[in-house]
Amino acid sequence: MERYLLLHILSIALLGGLVPTWSEDKLISPLRLEMFVDELPDVPKIRGFDFVDGAPKPRELKIGMYKKKWKFHRDLPPTPVFAYGTSKSHATVPGPTIEAVHGVDTYVKWTNHLPSKHILPWDPTIPTAIPSRKKGIPTVVHLHGNIGEPESDGNAGSWFTRGFKDKGPKWTKKIFHYDNRQQPGNLWYHDHAKGLTRVNLLAGLIGAYVIRHPAVESRLRLPRGDEFDRTMMVFDRSFHKDGKIFMNSTGNNPTIHPQWQPEYFGDVIIVNGKAWPRMTVRRRKYRFRIINASNARFFRFFFTNGLQFIHVASDSVYLEESTTTNETLLAPSEIADVVVDFSKSNSDTTILANDAAYPYPTGDPVNKANGKIMKFIINKRPEVDTCTVPKTLIKYPSPDLSCASQTRYIAMYEYTSDADEPTHLYINGRSYDAPVTETPRVGTSEVWYVINLTDDNHPLHIHFGLFVVIDQTELVNPEKKFKACMMKMNDAIKCKIGNYARGSKLRVPAHEKGWKNVYKMRPGYVTKILVKFAYIHTNSSYPFDPTKEPGYVYHCHILDHEDNVMMRPLKLVK
């Protein structure tokens, strides 16, 4: 233990005091901030294409990362944040929504204008991007849900500092290329720097990205236009009384990791950059593309007046059929694309609420603050609505297990200190920097059995690949022998998984039966998924080489877990 404490002291000295300290007793009570006083903001949009002679053509964007101040609530002092934007004055939290068109290339030069010191505490004792000059904040952008070249995937080791003065060991190029050849749907971009993802996102480095395909989508006649088709990025924060974002400065195992804690939770719920906003709507259908951009918080959304969600897509893919629910559970990084019909409301107001425990599923119940998301004020006057939600949406190929070329077992582990506090998390018993073990062939499908041996629900995100969840099977009495065997050998076959994966099976909800890039790995269960490393909408090959360096990754999208170090490399081969 003394060795780790010494390492921490030396790290701070080495970094020239880059790790600031904060007082944790000066937090503002969320109950002092009146709810529903700020309007839901319209996040600025940027076209990822140009029009030339009436046709969309490729476009290059320049989007920077800036330190500025942001007003999260009417009664909260301006908050120092990191924000994406075409300039500092236009930078926002979340960043601008990039609107792309299927088949038309978008190029983005992501530029780092951040200061030498972070606005939040971070922990150099976990595997972290540290500049050789000991100055600057490493950043790299990952387009979540993108099926694109590895050089533009935003690998954790492809980071760079201000002015590209320092670059990570896997850095490739200044201008990222998004070819937008995949199916239409919702994506989002965020920072992905090694060991700093949780703090860089907490500081504000998030934004939405939509790929539209008018020839395919227009026949659906879903709500459209800026007024009726809205992206909503939802996340949680806590604040100091002076408006600064709060993040713990002391870890749960301070003699091992001085600052890192296994999950971050805030009691102030933010939507599109405002705390508990309000939105006035008409009595008609609206489309909401809801992105859970929290570090660790799950949301189980519901309307207090009983309005329902009509699901049309999940993550980056349309569903084959629309399906209706009274509530919807979103893990960090998941996307629910839903239509809400306010003409069905029996009241003139409703609250979008949340009742997901934190950590999910067995943590604390929600309180008066984090149990509410935003308020909708519904116009009294009825109106004609020509939009529809068809039963049949877009059909993609059904999962075919017989075509799987490989079967893999992916095990999730949490390691604890003598005080039974988490110290780190691994996939397959290996750190991120260990040699790659998952090497799928381009154009193939694989069956993965994801074995969750922890107490947490882990949202597994696979870069580049799409997958369908087949089922989830409960492990029977895994603590007796199976977990100990796996911790020692990490070999599901030798540990006789078949003797334990024989419990109850969980039904995959209808609105999550399609192709996804994130799914909730239930604790004490084996989740069977079919992963496809090819397009789902066409038999065409990729217009890029997915076998190039630096490759891809897969990881838990609880950011505190990802950073320490529940992430593994994924290397495509021919």
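Within any chain, residue numbers begin from 1 and follow the written order of that chain's sequence. Given that this is a predicted model, residues contribute local features only at a pLDDT of at least 70 and side-chain atom pairs are listed and counted only at 80 or more, while totals for whole chains, interfaces and linings are drawn from all residues. Only hydrogens and water are set aside; all other atoms, that is, all heavy atoms of the structure, feed into the side-chain values.

- The protein goes by Multicopper oxidase LPR1 in an unreviewed UniProt entry, where it is assigned to Rhizophora mucronata.
- Looking at the protein in UniProt, the text filed under Cofactor (unreviewed entry) is "Cu cation".
- UniProt positions are given in the numbering used here, feature names are shortened, and annotations may be inferred rather than shown by experiment. Its UniProt record, at the heading Subcellular location (unreviewed entry), says of the protein: "Endoplasmic reticulum membrane".

**Points about the side chain of Asp456**
Right, on to step 1. Only runs of H or I of at least four residues qualify as helices and only runs of E of at least two qualify as strands under DSSP, and these elements are numbered from the N terminus. Tracing the backbone through its elements, the reader meets Asp456 in the loop between β25 (445-452) and β26 (458-462).
Right, on to step 2. Among buried charged residues, Asp456 stands out as having no salt bridge; its nearest opposite-charge side chain is Lys483, 10 Å away.
Right, on to step 3. Residue contacts are defined here by distance: any two heavy atoms, one from each residue, within 4.5 Å place the two residues in contact. Excluding residues within four positions of it along the chain, Asp456 makes contact with Glu263, Pro359, Tyr360, Glu414, Met521, Pro523 and His561. Exposure classes here rest on a 1.4 Å probe applied to the protein chains alone. A residue is buried below 20% of its type maximum, exposed above 50%, and partly exposed in between. None of His or the chain ends enter the tally, which takes Lys and Arg as positive and Asp and Glu as negative. Any Lys or Arg side-chain nitrogen found within 4 Å of a carboxyl oxygen on Asp or Glu counts as a salt bridge.

**Some points on the side chain of Ser345**
Right, on to step 1. Considering the arrangement of structural elements, one finds Ser345 in the loop between β20 (335-341) and β21 (349-354).
Right, on to step 2. Any pair of N or O atoms that falls within 3.5 Å is considered a polar contact. Within protein, one atom must be able to donate a hydrogen and the other to accept it, and sequence-neighbouring residues count only if both atoms are side-chain atoms. Only 2.9 Å separates the side chain of Ser345 from the side chain of Asn305, close enough to count as a polar contact.
Right, on to step 3. Setting aside its immediate chain neighbours within four residues, Ser345 contacts Arg283, Asn305, Leu307 and Ile378.

**So, the state of the cysteines**
Covalent bonding between the sulfur atoms of two cysteines defines a disulfide.
Right, on to step 1. Any two cysteine sulfur atoms within 2.5 Å of one another count as a disulfide. Applying the stated criterion across every chain, the model contains one disulfide.
Right, on to step 2. Sulfur-sulfur distance for the disulfide between Cys485 and Cys495 comes to 2.1 Å. The S-S bond linking Cys485 to Cys495 shows a torsion near -85 degrees; that makes this disulfide left-handed. Of this pair, Cys485 sits in helix α4 (residues 482-489) while Cys495 is found in the loop between α4 and β28 (501-506), placing the two residues ten residues apart along the sequence. Assigned by exposure class, Cys485 and Cys495 land together as buried.

**Details of the pattern of salt bridges**
Right, on to step 1. Summed over the entire model, instances satisfying the criterion amount to 37 salt bridges.
Right, on to step 2. Among the salt bridges present, the one from Arg212 reaches Asp229, with a minimum N-O distance of 3.4 Å. With Arg212 in strand β10 (residues 206-212) and Asp229 in strand β11 (residues 229-237), the pair connects residues that are 17 residues apart, well separated along the chain.
Right, on to step 3. What makes Asp229 buried here is its relative accessible area of 6%.
Right, on to step 4. Shared partners join several salt bridges into a network, and the residues in it are Lys45, Glu99, Arg212, Asp226, Asp229, Arg287, Arg289 and Asp337.

**Regarding a positive patch on the surface**
Right, on to step 1. Taken together, the side chains of Lys67, Lys69, Lys88, Lys135, Arg162, Lys165 and Lys244 make up a positively charged region of the molecular surface.
Right, on to step 2. Here Arg162 shows up in the loop between β7 (141-144) and β8 (175-178).
Right, on to step 3. Residue class for Arg162 comes out partly exposed when judged on its relative accessible area of 45%. Residues enter patches when they are more than 30% accessible in relative terms and free of salt bridges; like-charged ones are connected within 9 Å and nonpolar ones (Val, Leu, Ile, Met, Phe, Trp, Tyr) within 5 Å. Methods summary: accessible areas were calculated by the Shrake-Rupley approach with a probe of 1.4 Å, and residue burial reflects only the protein chains presented. Where a charge lies is defined by one atom per residue type, namely NZ (Lys), CZ (Arg), CG (Asp) and CD (Glu).

**Points about the sheet that holds β21**
Right, on to step 1. With mixed pairing, the five strands of this open sheet are ordered in space as β14-β22-β21-β16-β19. Each end of this open sheet is capped by a strand with a single partner; those strands are β14 (278-283) and β19 (327-330). On average, adjacent strands in this sheet sit at an angle of 25 degrees to one another, irrespective of strand direction. A pair of strands is treated as paired once DSSP finds two or more bridges between them. The axes used here are C-alpha line fits, helices contributing only the stretch in contact, and every angle between their N-to-C directions lies in the interval 0 to 180 degrees.

**Regarding the sheet that holds strand β32 (residues 567-570)**
Sheet strands associate in pairs through backbone hydrogen bonding, adopting either a parallel or an antiparallel arrangement.
Right, on to step 1. Spatially, four strands are ordered β29-β26-β31-β32 in an open sheet, and the strand pairing comes out antiparallel. Every other strand in the sheet has two partners, leaving β29 (518-521) and β32 as the edge strands with one partner each. Neighbour to neighbour, the strand axes of the sheet diverge by 20 degrees on average, direction disregarded.

**Let's talk about the domain arrangement of the protein**
One frequently used descriptor of interface size is the decrease in accessible area upon assembly of the parts.
Right, on to step 1. In terms of domain boundaries, the protein breaks down into domain 1 (24-213), domain 2 (229-382) and domain 3 (401-570).
Right, on to step 2. The C-alpha centroid of domain 3 is placed 26 Å from the C-alpha centroid of domain 2.
Right, on to step 3. Taken together, the contact pairs 30 residues of domain 2 with 28 residues of domain 3.
Right, on to step 4. Counting each side, the surface lost to burial between domain 2 and domain 3 is near 2,300 Å², with a carbon and sulfur contribution of 53%.
Right, on to step 5. Seen at the junction of domain 2 and domain 3, the total is three salt bridges.
Right, on to step 6. Here Lys520 ties to Glu334 by a salt bridge, and the two come within 2.7 Å at their closest N and O atoms.
Right, on to step 7. At the boundary of domain 2 with domain 3, the tally comes to 19 residue pairs in polar contact (both at pLDDT 80 or more).
Right, on to step 8. Put simply, the parts of the chain that give the side of domain 2 that touches domain 3 at least two residues each are β17 (309-314), β18 (317-325) and β19.
Right, on to step 9. In terms of residue count, β18 provides more of the side of domain 2 that touches domain 3 than any other element does, four residues in total. Note that the domain bounds reflect an automated or database-derived domain assignment. Buried area counts how much accessible surface, traced with a 1.4 Å probe, disappears from two parts once they are put together, with both parts' losses summed.

**Comments concerning the confidence of the model for the protein**
Right, on to step 1. Per residue, pLDDT captures the predictor's confidence, and it can take any value from 0 to 100. Mean pLDDT for the protein: 95, with 96% of residues reaching 70 or above.
Right, on to step 2. Across residues 1-23, where pLDDT falls below 50, the model places 34 contacts with residues more than four positions away in sequence or in other chains.

**Thoughts on the packing of aromatic side chains**
Right, on to step 1. Ring pairs are drawn from Phe, Tyr and Trp, using the six-membered ring of Trp, whenever the two centres fall within 6.5 Å, and their geometry is named by plane angle: stacked under 30 degrees, edge-to-face over 60, tilted for the rest. If you walk through the whole model with that rule in mind, you get 31 aromatic pairs.
Right, on to step 2. Through a chain of ring-to-ring contacts, the aromatic side chains of Phe228, Tyr286, Phe288, Phe303, Phe309, Phe342 and Phe376 assemble into a single cluster.
Right, on to step 3. By definition, being over a ring means that NZ of Lys or CZ of Arg is both within 6 Å of the ring centre and within 35 degrees of the ring normal. Of note, Lys167 hangs over the ring of Trp171, and the distance from its end group to the ring centre comes to 5.1 Å.
Right, on to step 4. Across the ring face of Phe228, the terminal group of Arg284 is positioned such that the distance to the ring centre comes to 3.5 Å.

**Some thoughts on the UniProt feature "domain: Plastocyanin-like" (unreviewed entry) in the protein**
Right, on to step 1. Residues given the UniProt feature "domain: Plastocyanin-like" (unreviewed entry) here are residues 138-214, 276-354 and 413-570.
Right, on to step 2. When the span residues 138-214 is considered, its composition is 10% helix and 29% strand, and the gap between its end C-alpha atoms is 37 Å.
Right, on to step 3. From the first C-alpha to the last, residues 413-570 spans 18 Å; its make-up is 8% helix and 38% strand.

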